[in-house]
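An overview of the molecular structure
Letter by letter, the chains look like this.
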Amino acid sequence: MPNSQSNPKSQFPKFGHWSLVIGHFSKGFTIIEAVVSVSIFAMAMTSIVGVYLSVQRLNQASASLNALQQNARFISEDLSKVVRNGEIDYSRYPSQSAPQPEATDLYLVDQSGTQIRIYLQNEILILDKLGIGSANFTSQEVAVKDFKVYISPALNPFPGGNDQPTATVYFDLESKVNSRDKTRAKFQVTLATRQYPE
């Protein structure tokens, strides 16, 4: 009589020393499942890194633009005070006439009679008060690429003139906050002196 409890391995065909086992699954991942999982993970990480880098670039661009706007605001406000509380010093320009169409220096005399010179040197805008000293108009966050002054009229209208002297100041700023992102902006402001036609 055949044994009712037969060896389970005997139910499967044998090939030499190897037997075919059907219906038994080993625990773990197959190579295809692992490749698919790694691919999905790589795509997700690429997207996350891309978003992170985009946010970083936006933050750097925003910081550069902020530096430009703050420096431009400071220059405009400070120049306004200096020009409005003084007068254009025509006597310090060649032939006592402001260069046309533009000058690279702005010469002024304040209310106390102190001579002032505003000029560009090594990408820094400088305010120099004769006998007192000089100061930088701009911070280290920006470089001044260009500075021009358009003075009207070219000749001193006083005494007896009808024109109030004005200075239109143009400056081109470049941010140094991020060495890879050279954000630039141009600014212009027109200022009138305290001199009025008589």
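Now for a description of the structure that goes with this document. Note that the coordinates shown come from a computational prediction; the quantities given were computed from them, not determined experimentally. (Residues numbered from 1 in each chain as written. Predicted model: local features only at pLDDT ≥ 70, side-chain atom pairs only at ≥ 80, totals over all residues. Heavy atoms only, no water.)

1. Looking at the overall build of the protein
In terms of regular secondary structure, the protein is built from one helix and ten strands. Mapped from its N terminus to its C terminus, the protein presents α and β elements in the order β-β-α-β-β-β-β-β-β-β-β. For the protein, buried positions account for 30% of its 198 residues. In the protein, the share of contacts with a sequence separation of at least 24, taken over all contacts with a separation of at least 6, comes to 55%. When the accessible surface of the protein is summed, it comes to about 13,400 Å², and 55% of that surface belongs to carbon and sulfur atoms. (Helix = DSSP H or I, 4+ residues; strand = E, 2+ residues; numbered from the N terminus. Buried < 20%, exposed > 50% of the residue type's maximum accessible area, 1.4 Å probe, protein only. Contact = heavy atoms within 4.5 Å. Areas by Shrake-Rupley, 256 points an atom, 1.4 Å probe, with all protein chains shown as cover.)

2. A few points about unusual backbone geometry
Along the chain, Gln100 connects to Pro101 via a cis peptide bond; the corresponding omega equals 5°. Residue position: Pro101 is located in the loop between β3 (86–88) and β4 (105–110). In this model, Ser152 is joined to Pro153 through a cis peptide bond whose omega is -10°. Mapped onto the elements of the fold, Pro153 is located in the loop between β8 (142–152) and β9 (166–175).

3. Re the pattern of salt bridges
For the structure shown, the criterion picks out five salt bridges. Between Lys145 and Glu174 there is a salt bridge, with the nearest N and O atoms lying 3.7 Å from each other. With Lys145 in strand β8 and Glu174 in strand β9, this residue pair connects regions lying 29 residues apart in the sequence. Classification of Lys145 by relative accessible area gives partly exposed; the value is 31%. Across the pair Asp172 and Arg184 runs a salt bridge whose closest N-O atoms are separated by 2.5 Å. Remark: Arg184 occurs in strand β10 (residues 184–192) and Asp172 occurs in strand β9; sequence separation between them is twelve residues. (Salt bridge = Lys/Arg side-chain N within 4 Å of Asp/Glu carboxyl O.)

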